[in-house]
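Chains, contacts and geometry: an overview
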Amino acid sequence: SDEFSHLQSLEAAIDNGTLSNVAVIYRPHPWGRGGYKGERLLDHPWRHVRIEQSMRYYLEQIRAGRKPIYLADYADTHDVLSSVDALVSPLSTIILEGGLHGKPVLCFLPDEKEGSSLKLQARLVHFDAMYEDPLFLKAHGDAALVENVVNLMALVGDAEFTAKLQKACDYFVERQSEPYPARLKAFVEAAAAAGAAKPAKARAAA
């Protein structure tokens, strides 16, 4: 999708006061190449948009004509989500991650040609639960973006909404007190111990 034009729409809304006291941190999807002609993003004289620092090199590679898939460091993702007030994204797991961080989230479904990758993904059944939950805001089509970002920003600082959103995320992710590597290690050790405790099968004498 044309992420460059989406950012221009948000910047115009900030300029005319539709969105007040807002700045945009743009973080490209690490596989998305900045959208349609994403090489334009770095050199445009943005007034209210900033490129997230950890992804600048990725966009520089796009501008240089390379089309890499970047394996983003989740520590950077966590830092960004901890530092912003709200999140706007097309279909991506970062919507769920934003909700887990307690940030109001907006799933933006931009205008796309029929048969495009995003159109096809949008129909996948595993998104249905998110679509049906009003706590996950949705914007259908480019024209709906600014209006719904206004609605999104109105939820910033609403502690009751934040608590409800984080509770809704429990449907998708079970929270754990131990980090994943520790839980995986404990599982493997328990499975190995259980296997070692089983008596060997008796072999019939020939």
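See the structure printed just above.
Below or above, wherever it landed, is the structure these notes cover. Note that the structure is a prediction, hence the values are computed from the model and not measured.

When you go through the protein chain residue by residue, the secondary structure sums to nine helices and five strands. When the elements of the protein chain are put in sequence order from the N terminus, they spell out α-β-β-α-α-β-α-β-α-α-β-α-α-α. Burial analysis of the protein chain (206 residues in total) assigns 36% to the buried set. Relative to all contacts within the protein chain whose residues are 6 or more apart in sequence, the contacts with residues 24 or more apart total 63%.

Strands pair in a sheet through their backbones, by hydrogen bonds, and they do so in one of two ways: parallel or antiparallel. Read from one edge to the other, the open sheet built from three strands follows the order E3-E4-E5, with strand pairing classed as parallel. Single-partner strands in this sheet number two, and they are strand E3 (87-89) and strand E5 (137-140). Across the sheet, the mean angle from the axis of one strand to that of its neighbour is 20°, orientation sign disregarded. Of the strand pairs in this sheet, strand E4 (residues 105-109) and E5 are connected by four bridges, and their pairing is parallel. Of the residues in E5, the one forming a bridge with Cys107 is Lys138.

Attention now goes to the packing of helix H4 (residues 93-100) against helix H8 (residues 159-169). Across the interface, H4 lies against H8 with an axial gap of 8 Å and an inter-helix angle of 130°. Considering their axes alone, H4 and H8 lie oblique with respect to each other. For the pair H4 and H8, the crossing hand works out as left-handed. On H8, the residues touching Leu96, Gly99 and Leu100 of H4 are Leu165, Gln166 and Cys169. Grouping the amino acids of the contact of H4 with H8 by side-chain chemistry returns four nonpolar, two polar and no charged.

Orientation of helix H3 (residues 74-83) relative to H4, taken along the N-to-C sense of each, is 55°, at an axis distance of 10 Å. The orientation of H3 with respect to H4, classified from their angle, is oblique. Of the two elements, H3 crosses H4, and the hand of that crossing is right-handed. Contacts between H3 and H4 involve Tyr74, Thr77 and Leu81 from the former and Ile94, Glu97 and Gly98 from the latter.

Cut-offs applied
Residues numbered from 1 in each chain as written. Predicted model: local features only at pLDDT ≥ 70, side-chain atom pairs only at ≥ 80, totals over all residues. Heavy atoms only, no water. Helix = DSSP H or I, 4+ residues; strand = E, 2+ residues; numbered from the N terminus. Buried < 20%, exposed > 50% of the residue type's maximum accessible area, 1.4 Å probe, protein only. Contact = heavy atoms within 4.5 Å. Pairing = 2+ DSSP bridges. Axes fitted to C-alpha atoms, helices over the stretch in contact; angles between N-to-C directions. Parallel < 35°, antiparallel > 145°, perpendicular 65-115°, else oblique. Left-handed = near helix turned anticlockwise from the far one by under 90°. Nonpolar A, V, L, I, M, F, W, Y, C, P; charged D, E, K, R; others polar.

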